[in-house]
Structure formats: C-alpha cells, structure tokens
Amino acid sequence: MAFISSGYNPDKPMEGRISDIGPRHFGEYLPPVIKKNFGKWDYHEIIEPGILLHVAESGDKTYTVRAGTARLMSVTHIREICEIADKFSGGYVRFTTRNNLEFQVETEEAAKELKTYLNGQTFPGGSHKFPVGGTGAGVTNIVHTQGWVHCHTPATDASGTVKATMDVVFDDFQNMKLPAPVRISMACCLNMCGAVHCSDIAILGIHRKPPIIDHQYLDNLCEIPLAVAACPTGAVRPSKVEIDGETYKTVAIKQERCMFCGNCYTMCPSLPLSDGEGDGIAIMVGGKISNRITKPAFSKVVVPYVPNEPPRWPTMTKVIKKILDTYAEDANKYERLGDWANRIGWERFFEKCELPFTEHLIDDFRDPAYYTWRQTTQFKW
Amino acid sequence: MAKHKTPLLDQLESGPWPSFVSDIKQEADARAKNEKGLDYQIPVDCPDDLLGVLEMSYTDGETHWKHGGIVGVFGYGGGVIGRYCDQPQMFPGVAHFHTVRVAQPNGKWYNTELLRNLIKIWELRGSGLTNMHGATGDIVFLGTTTPQLEEIFWELTHDLEIDLGGSGSNLRTPATCLGMSRCEYACYDTQELCYNLTQEYQDELHRPAFPYKFKFKFDGCPNGCVAAIARSDLSFIGTWKDPIKVDQEAVAAYVGGEIAPNAGAHAGRDWGAFDIQKEVVDLCPSNCISYEDGKLAIDHKECVRCMHCINTMPRALKVGDERGCSVLCGAKAPILDGPQMGSLLVPFMEVNKDDDYQAIKDLIENIWDWWMEEGKNRERIGETMKRLGMAALIDAAGVPVDARQVQEPRHNPYIFWKAEDVEGGWDRDINEFRKRHQR
Ligand code: HEM
Ligand code: HEM
Ligand code: HEM
Ligand code: SF4
Ligand code: SF4
Ligand code: SF4
Ligand code: SF4
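Note that this is a predicted model, so its numbers are computed, not measured.

(A) Geometry of the sheet that holds strand 15 (residues 323-329) of chain B. All names here are of chain B. Pairing is mixed across the open sheet formed by 5 strands, whose spatial order is 8-9-10-15-16. Because the sheet does not close on itself, it has two edges, and the strands there are strand 8 (175-176) and strand 16 (343-349). With 4 bridges connecting them, strand 15 and strand 16 associate as antiparallel partners. Bridging from a neighbouring strand, Cys-325 pairs with Met-349 of strand 16.

Right, dumping it as structure tokens:
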C-alpha cells in the first residue's frame, strides 16, 4: 500500500488550504422539473404506496418513487443507486430525513416501471435492496443511530434491531392501512442521537448496571472534576483507593443514585457501563412532532426493559407488533398512536396491548415526574 | 471467502427489509477482488473486520468500540469523530476507524456525478461504508485512519468544493425539510435559509466555542417533517397569518368523492365514504370550521394553523399568503435533565432573503451571546432557559413579551420583581419605617 497524496503537504498545512466553504448549494442538484417549479407547487397525491404525484401551478407533473434503505450503505450499493438514477430519473436522486431514497420521474407509467424494477432488486441473502413504500398512513423507514457498528456507549445494536423490526412491520411499510402515519425511531443509548423522544414508537437501548470503576487507570485517563460534574444525579464523587499497597486517586459512585445515563463514561473512559446481562431495550410510545390536530408530544416508556436477544430481538419485535396491531384495530382515522392512547386512557392502553404495568413505569426523575402522576379521581377500572 | 464466521449476523440476511449485513459483505467481496486495481489507502479487509467485531458484539452483548480520542483536521474542532476498536489484534482492519461528517446539500438532493465523486474518495481513502445520512443530517463516512483525514479534507474541499459537517460543542450541521423544492405547504424557503445560515456560521460550525452543541432545523410548515420542534435548539417552523384559501369547487369534489382525502394517504383500507363533518369539521382543534349548505367556512381568527384541514383536502385548502416562520427555542433529548420540546419564542418572523435574513441573524446572535455568557459547560440552551427562566431568554433575545409564548400563565405568585419594577425602588430607611411602627 503506497501512500497516495491528494496534494496536501503536512509540512505546510496552510498552503493552498481551503476551509469553511460549507456544503454545495442545493440548487445544483434539483431535477429540472423541481427547479422550474420551485415554490410553485399546487398539490400532491399518493398514487399508490410509494408513488407520489406533485402537480405544479404551471400544470407540470412529477412522480416520486420512494424506497427504503438500511441507511448503512456501501459505496458499491451507492454506485448501484447511481446506475438506477441514471437509467430512470435523469441522474437525480434524493434522500429523505428518514433515510428513504426518492427518484423523480415524468410519467405514471415510468413510476410504476421503476417501482417494479426497485422491488425486483435483491441481495444474494434474499432481502430487498430498495423496497418501495413509506408513504401515507403507514410505517416509514426507521431513523436510527450507530449501535454496536460504530459507537462507544450503545446498550444495544441499532442496525440489527431496525432490520428485525422492519422485517416484522414490512407489510405496513408497503401498505397504507393504519389510522395515521406511524414513525418508529431507534437510539442505542440515552443520548438519543436518533431523537426517539418524540416518536410514535421508539426503541431505546438502556444500561442497567452502574459504571465499573477502573481505579488504577482513572486518574491518568480522566479529569476527575469533569467526571464528577458530569453526573446529573450527583452520584459520582472524588475518592482514593488502595490497591496492592499503592494509593490511587479515583472516584466513588453512590450506586443507588445512578440512573445509568452514561454521562460519566462520556467524560471518563475509565467508567464503562456496558454489560451483556445489564443492557437491553426500553420501548416508548405515543410521541409525535407534527402540530396536526394535537400538540407535539413526548414518547412515554411502556416497557421498561426487554433483554438484548441478537440477532433478531424476538421479544422486542413481538411487543412492537402487538402495539401496532392493537392501535391499527382500535384507533380512529387520523388519530396518531399517542392520541389514541390518550383518548382511551393509558390504563386501557396497557390492558389492550397486554402489557404489564410495573413500578418502573412511574416517573421518579425530578420535577417533570410530578406532571405524569394522576391528579384527579377520573380514571377507568 | 469471508474472513470471519458470522453465524448470528448471517441470520439478518433473510427477511424483506434491506440487509446491512448483505451490503457489508458485498463491499468486503468487492474490495477483496479489487477489479479496478485500486491502491486502497486503509486496510482492504476493514469491512470483513467490521463484520467480525460486530459478530463479537452480537455474541457477548457489548460494544467493542473505545471511547473516541481527539482526532480531526488542522484548524477545525469538529467534523471528525475518533473511533478505535478495543480488540485491535483480532480486527486490525478496524483498529483505527474514525467517522468523517460531510456537509450535505440542503434537502438532500443529489445528482449521480456528486454521489460518484463522494464515493470515489471514500472507496480509496476509507472503509467504503457510509451512513446516508446520519441522524443530524450530514453524510457520514464510516471508518478511516488518521493519516487519511487531511487527504480526505483536501479532496473534498479542492475537488468537490464541499466542507466537513459539525461535531463537538459547536453548531451542528443545520438540516431542513425539502420545503419549496417539492412541497406545496412550505411557508418559506427552508433550504435557502438553511444554506444561508450554514454559510454564515461556518466558524461556529467548525470551531467549538459554545457550552455544548447547538442545532438549527427548518420545517416549512407545522407538519414538521424534519422534527425541528423536538430536535433543535432553535427551530424555524413555517407559518402564516392571514386566512386559509378555500376553493369551494374542490371542497365539493372531496365531498362528492371525486378526490381522495388526505392525498390518498389512507387508501390501504376501506374507511367508508369521506365525511367532511366527521373528518374535518369535528377534528379541527379550535372548532373554527363550519360546513353548511355545501360551503366550507373557516373563522380564521380562531385557527391555530394545525394543518389538519389542509392535509386532508390539499387541493381545496391552501396556506395563506402572509407567510413567515415561528421560532422555538430549547428542544433536546433527555440527557441530562429530561426531554424538552422547543418553546415558542417568536410567534411570527419574516423570512426575508432581500436583507440577507438580518432579523433572524440578530435573533440568533443575541441568543448565543446570552448562552455563552450564562450557560454552564455541557448545558444545552434548553437547560439554561429552564434554569434561568423563559423571561430571561426573551429579554436576552430582545423580542417582545407575548401571551403566545405560554400555554397558560404562571401557577404561583412567586414573582421575581426587580427593584426597578416597584415604585420607589427597594432602598428604604429603617428609621423612617420606625417612625410609623414601634419596635
Ligand atoms: C453525552 C452526550 C453525547 C455524546 C457523548 C454523544 C456522542 C455522539 C457520538 C460519538 C456520535 C457519533 C456516532 C458515530 O457517528 O459514530 C453522535 C452522533 C449524534 N448525536 Fe450524540 N452524543 C451525545 C448526546 C447527544 C444528544 C443529547 C443528542 C440529541 C439531542 C445527540 C444527537 C446526535 C445525533 C443526531 C448524532 C448523529 C447520529 C448519526 O450520525 O446517526 N447526541 N453522538
Ligand atoms: C410532499 C411532501 C410531504 C408532505 C405533503 C408531507 C406531509 C406531512 C403531513 C401531513 C404530516 C403530519 C402527519 C400527521 O401528524 O398526521 C407529516 C409528518 C411527517 N413527515 Fe411529512 N410530508 C412530506 C414529505 C416528507 C418527507 C420527504 C419526509 C421524510 C421522509 C417526511 C417526514 C415526516 C415526518 C418524520 C413526519 C412526522 C412528524 C411527527 O412525528 O409527528 N415528510 N408530513
Ligand atoms: C412569601 C409569601 C408569603 C408570606 C411572607 C406569608 C406570610 C404569612 C403570615 C405571616 C401569615 C400569618 C398571618 C397571621 O398571623 O394571621 C400567613 C397566613 C396565611 N397564609 Fe401566608 N404567606 C405567604 C404566602 C402564602 C401563600 C402563597 C399562601 C397560599 C397559597 C398563603 C396562605 C396563607 C393562609 C391560608 C394563611 C392563614 C393561615 C391561618 O390563619 O390559619 N400564604 N401568611
Ligand atoms: S445514541 Fe448513544 S450509543 Fe447510539 S450513537 Fe448516539 S451516543 Fe452512540
Ligand atoms: S451513569 Fe449517569 S447517573 Fe450513573 S454515575 Fe454515571 S453519570 Fe451518574
Ligand atoms: S414540514 Fe411542511 S413544508 Fe416541509 S416537507 Fe413537511 S409538510 Fe412540507
Ligand atoms: S388548520 Fe387546523 S385549526 Fe386551522 S382551520 Fe384547519 S383544522 Fe382548524
């Protein structure tokens, strides 16, 4: 492997350096019909699952074909996307916020032809490469984080839990038979890089054991005051220990105060939390972001813990499927999952979804907890 | 031939949803074959080793990535996230495996020329694996070694005129919905504003100077397709002031069943004939719609612009013409103090390209000045405003106080009056007081 220089000269790092130029302007990448009718769209329709029609004030029409992806994608896979775009959509392609692909085509026939083509592409292992769907009152692609593929704090995998879930709800990705859109999100630790705190259904990796303290290394690797300050519950304090006759500066942790957030680990690598038995998943439901009819809402924890069961997380997918099916059966048209639960009452939600209510579901974290307790005698048996 | 046995991961190759395992395997094969004869700049077998280390995580239920060290390109504090494997002897291909964040074109439109140029760099100098895209919105190149970082940056900036995104305690890569490019609901040009602010604040993006991360997101309307209200420290959400425009003929076509409601979003199931009373009038959260004698009327003063009626009948109802955005502040995920939704700071703001969005920039800079002064280390602005109060933020932002900023007035009378609020101030003379009151 010979080193290939790009032109960068490490001896003169500033020579010819270009910085702070930001992204390219999006205008360079708009398909002609999009560019021409920018800001002048009249209305849209979903022709069939995965195919949208947009009609401009000028009368111009464009058809969008939407397909799911695994988000993690190789350059070989992206090259294949480019070939499809060159062949079908004039060399343009778009990614959505939820990691779907979108191709613009000119006619309904072309859209259907492209849909058939995309649905026909499979990996040797059997899965689709570009399944078409993700529109309207259904489940669209799951936004998710890095998990065991690439992050240092995950309590579970992201790509695997998402694959397992999407396999189970695939029918709802390709059809539009739910009462309203259902957004599923996944984050592999409480940092929630995937912002699952406002999703209809959320998969969240959680730790359940306090950090292990690597006393002999801690002082070399970490700033003790930073680790102490990082703990939101004040569980960490400076301390000293003696090991084999030597005294080390380190920290002590009041374990009963730990809520397993991993902040201390972020500040100090000598405080790892990961644990094969301790880690797993919490399931949250009923969040939303849109202002449609009801206000945006936070997701609520309805299952405090299911164990990690790689590769397919069967307990987790069973719970998700049950919640989704119960909602689909019971909710009114246009009613988001959380609005349905609010209407029937959460006590009913647990009953209908056959989920046990445990003490772990009663909030005990600071002030906001109070607003989740019931301050009325209106409740249901 | 696969380098490592991956019996658990192999089970994720079946099932309909695209398999990331199959894709990584295909990349591993392509690199092993190397039909183009590339002189790969990082270990050829890194996709194999990534599968190997992931299989190990699947077996023992724990991550095998170490805490990131400080790596990056010269002069930047963000854009690269250091990553090292904790079993380097078993998986040397991914011993050093840093993430590079690359600025995406706003709205995530691409042509194949750009995509091919991006992957060309990453095929040669990285793992060949990406996230399209990360949750914040940027392109994520997964896995390279330290000596390649400057080379990648050089090629991105010189050959593609593209920069790195943000990471660390700075402005993160701003993200936007597709807005006016393909959505009739967009109340302002989200992409242009996103682009403009991204360019304006390049320094803040690349050189951490804030207490913690800061995110802008731009939604063209209250539907919130990039989730601005939940995921950004400052959310710019399109809105309007004047009446919703009603086309009565199209309303009749919905009622008559000629046009499917909600743009056909419910087509997968038989919900019965469209019932305008039940599906629109009764669901309006502010009860401001009526439908009598075949005419739809909206008492627009009472409308809260929730979008429901418009979403349900997009061909009959259009957002008004006096458009701008609402600005909300302080959304964040639960770490540290629990989740926060953005709180309404400015109910309506013009989005004016002609003066280069000056009003928005003034607002942003006022808020940053306050937060940089008052915010504690690793405190999101949502936490600062919770600690010091919404009124303090409003004051710092230099915007008027408005009943719209609250859901309801305060519950307690513990008002922090200031001396200047009270006639005569706070300085009083005890001797004067004693003239009126005996000890
Ligand atoms: C202690 C706090 C946090 C730490 C140490 C942390 C760390 C990280 C790291 C290491 C990554 C990169 C993962 C990778 O690409 O390998 C990341 C990505 C990200 N983080 Fe965080 N994070 C923290 C808090 C948060 C919070 C509170 C949010 C959201 C409110 C957030 C949102 C994100 C997003 C959106 C991404 C992009 C994820 C992606 O690329 O898919 N992070 N974070
Ligand atoms: C023509 C383009 C689009 C239209 C007309 C549109 C319309 C809507 C509507 C009506 C809602 C509210 C749903 C409800 O609460 O009942 C919504 C929500 C949403 N849309 Fe879109 N959308 C468009 C494009 C997109 C795209 C391309 C994405 C990304 C894949 C997207 C992502 C979302 C998300 C994440 C939400 C959920 C917000 C929540 O959780 O409440 N939208 N959109
Ligand atoms: C800074 C705030 C307050 C101060 C300094 C204060 C002071 C006092 C004092 C000195 C008394 C006794 C008066 C007496 O000798 O008869 C009193 C009585 C009382 N206060 Fe307050 N108070 C405050 C706030 C409140 C609030 C917020 C409430 C109700 C929400 C409240 C409810 C009462 C009641 C009901 C009594 C009568 C108790 C009784 O006579 O049995 N006070 N307060
Ligand atoms: S959610 Fe947590 S574990 Fe997952 S990528 Fe973000 S910081 Fe890492
Ligand atoms: S995991 Fe969180 S709560 Fe527990 S000790 Fe660390 S910082 Fe404190
Ligand atoms: S947020 Fe509104 S304007 Fe933007 S894409 Fe969604 S529906 Fe359209
Ligand atoms: S936008 Fe919402 S509040 Fe306004 S009239 Fe329509 S349904 Fe009612």
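(B) Spatial organisation of the interface of chain B and chain A. Counting residues at the interface gives 142 residues for chain B, matched by 138 residues for chain A. Carbon and sulfur atoms make up 60% of the area that chain B and chain A hide from each other, which totals about 12,500 Å². When the buried surface of chain B facing chain A is broken down by residue, Trp-17, His-67 and Arg-182 of chain B rank first, second and third, together holding 8% of it. Put simply, Asp-86 of chain A and Arg-116 of chain B hold a salt bridge, and the shortest N to O gap is 2.9 Å. At the junction of chain B with chain A, the criterion picks out 84 residue pairs in polar contact (both at pLDDT 80 or more). In terms of residue class, the side of chain B that touches chain A is built from 64 nonpolar, 46 polar and 32 charged. For strand 5 (residues 92-95) of chain A and strand 5 (residues 109-111) of chain B, the ladder comprises 3 bridges, and the chain directions are antiparallel. What sits directly across from Val-93 of chain A, in strand 5 of chain B, is Tyr-110 of chain B.

(C) Quick peek at helix 4 (residues 112-125) of chain B. All names here are of chain B. Its 14 residues place the ends of helix 4 20 Å apart at the C-alpha level, agreeing with the 20 Å of an ideal helix rising 1.5 Å per residue. Burial analysis of helix 4 places 10 of its 14 residues in the buried class, the great majority of the element. For helix 4, the set of buried residues is Thr-112, Leu-114, Leu-115, Leu-118, Ile-119, Ile-121, Trp-122, Glu-123, Leu-124 and Arg-125.

(D) Broad picture of the sheet that holds strand 7 (residues 139-142) of chain B. Strand order across the open sheet formed by 5 strands is 4(A)-6(B)-7(B)-4(B)-2(B), with antiparallel pairing between neighbours. Of all strands in the sheet, those bounded by a partner on one side alone are strand 4 (72-74) of chain A together with strand 2 (80-81) of chain B. One ladder, built from 3 bridges, connects strand 4 of chain A with strand 6 (residues 129-131) of chain B; its direction is antiparallel. Counted as the bridge partner of Ser-74 of chain A is Leu-129 of chain B from strand 6 of chain B.

(E) Broad picture of the site of ligand 7. As a structural note, the neighbourhood of ligand 7 is formed by 14 residues, with Cys-284, Cys-303, Cys-306, Met-307 and Cys-309 of chain B the closest of them. Across the shell around ligand 7, the residue classes break down as 11 nonpolar, 2 polar and 1 charged.

(F) The coordination of the iron atom of ligand 1, seen in detail. Protein coordination of the iron atom of ligand 1 is limited to a single donor, Cys-193 of chain A (SG), positioned at 2.6 Å. Within the element layout of this structure, Cys-193 of chain A appears in the loop between strand 7 (184-187) and strand 8 (201-206).

(G) Expanded view of the confidence of the model for chain B. Here chain B averages 96 in pLDDT, and 100% of its residues register 70 or above. The ipTM assigned to the predicted complex is 0.96, against a pTM of 0.88.

(H) Layout of the side chain of Asn-223 of chain B. Mapped onto the fold, Asn-223 of chain B is located in the loop between strand 9 (216-219) and helix 8 (228-231). You can call Asn-223 of chain B buried: its relative accessible area is 15%. Within polar-contact distance, the side chain of Asn-223 of chain B engages the side chain of Asn-311 of chain B at 2.9 Å. In contact with Asn-223 of chain B, other than residues within four places in its own chain, are Ser-290 and Arg-292 of chain A together with Tyr-185, Met-307 and Asn-311 of chain B.

(I) Quick peek at a nonpolar patch on the surface. On the surface, Phe-357, Ile-362, Tyr-370, Tyr-371 and Trp-373 of chain A cluster together into a nonpolar patch covering about 610 Å² of accessible area. Residue position: Tyr-370 of chain A is located in the segment after helix 11 (346-352).

(J) Here's a closer look at the coordination of the iron atom of ligand 2. A lone protein donor binds the iron atom of ligand 2: Cys-225 of chain B (SG), at 2.3 Å. For Cys-225 of chain B, the position within the fold is in the loop between strand 9 and helix 8.

(K) Up close: the pattern of salt bridges. Taken as a whole and judged by the stated rule, the model has 47 salt bridges over all chains. Across the pair Glu-102 of chain A and Arg-182 of chain B runs a salt bridge, and its minimum N-O distance is 2.8 Å. Of this pair, Glu-102 of chain A sits in strand 6 (residues 101-105) while Arg-182 of chain B sits in the loop between strand 8 and helix 6 (190-200), on two different chains. Here Arg-182 of chain B falls in the buried class, since its relative accessible area comes to 4%. Lys-25 of chain B is the salt-bridge partner of Glu-13 of chain B, the closest N and O atoms lying 2.7 Å from each other. Of this pair, Glu-13 of chain B sits in the loop between helix 1 (7-10) and helix 2 (20-33) while Lys-25 of chain B sits in helix 2, placing them 12 residues apart in sequence.

(L) Examining the pairing of strand 2 (residues 51-56) of chain A more closely. Residues and elements named next belong to chain A. Buried residues dominate strand 2, accounting for 6 of its 6 residues. Side chains Ile-51, Leu-53 and Val-55 of strand 2 all project onto a buried face; the interleaved residues Leu-52, His-54 and Ala-56 project onto the opposite face, where all are buried too. With 6 bridges connecting them, strand 1 (residues 41-48) and strand 2 associate as antiparallel partners. Bridged to Tyr-43 within strand 2 is Val-55. Between strand 1 and strand 2, which follow one another and run antiparallel, lie 2 residues, and Gly-50 among them has a positive phi close to 90°. Two strands pair when backbone bridges link them, and strand 2 and strand 3 (residues 61-67) are joined in this way by 5 bridges, in the antiparallel orientation. When the sheet's bridge partners are listed, Leu-52 is paired in strand 3 with Thr-64. Counting the residues that bridge the hairpin from strand 2 to strand 3 gives 4 residues, and of these Gly-59 lies at a positive phi of roughly 95°.

(M) Region of interest: a negative patch on the surface. There is a patch of like negative charges on the surface, built from Glu-322, Glu-350, Asp-354, Asp-355, Asp-362, Glu-365, Asp-369, Glu-373 and Glu-374 of chain B. With respect to the element layout, Glu-373 of chain B can be found in helix 12 (residues 358-374).

(N) Broad picture of unusual backbone geometry. Put simply, Pro-310 of chain A and Pro-311 of chain A share a cis peptide bond, and its omega is 5°. Structurally, the position occupied by Pro-311 of chain A is in the loop between strand 12 (300-307) and helix 9 (314-330). Here the bond from Met-132 of chain B into His-133 of chain B is cis, since omega is 10°, no more than 30 degrees from zero. By secondary structure assignment, the location of His-133 of chain B is in the loop between strand 6 and strand 7. Positive phi, normally seen in glycine, also occurs at Asp-20 of chain A, with a value near 55°.

Conventions used here
Residues numbered from 1 in each chain as written. Chains lettered and ligands numbered in written order. Predicted model: local features only at pLDDT ≥ 70, side-chain atom pairs only at ≥ 80, totals over all residues. Heavy atoms only, no water. Pairing = 2+ DSSP bridges. Helix = DSSP H or I, 4+ residues; strand = E, 2+ residues; numbered from the N terminus. Contact = heavy atoms within 4.5 Å. Buried area = accessible area lost by both parts, 1.4 Å probe. Salt bridge = Lys/Arg side-chain N within 4 Å of Asp/Glu carboxyl O. Polar contact = N/O pair within 3.5 Å; in protein donor to acceptor, adjacent residues only side chain to side chain. Nonpolar A, V, L, I, M, F, W, Y, C, P; charged D, E, K, R; others polar. Expected span 1.5 Å × (residues − 1). Buried < 20%, exposed > 50% of the residue type's maximum accessible area, 1.4 Å probe, protein only. Near = heavy atom within 4 Å. Donors = N, O, S within 2.8 Å, 3.2 Å for Na, K, Ca; no water. pLDDT = per-residue confidence, 0-100. Patch = residues over 30% accessible without salt bridge, like charges linked within 9 Å, V, L, I, M, F, W, Y side chains within 5 Å. Areas by Shrake-Rupley, 256 points an atom, 1.4 Å probe, with all protein chains shown as cover. Lys, Arg positive; Asp, Glu negative; His and termini not counted. Charge placed at Lys NZ, Arg CZ, Asp CG, Glu CD.

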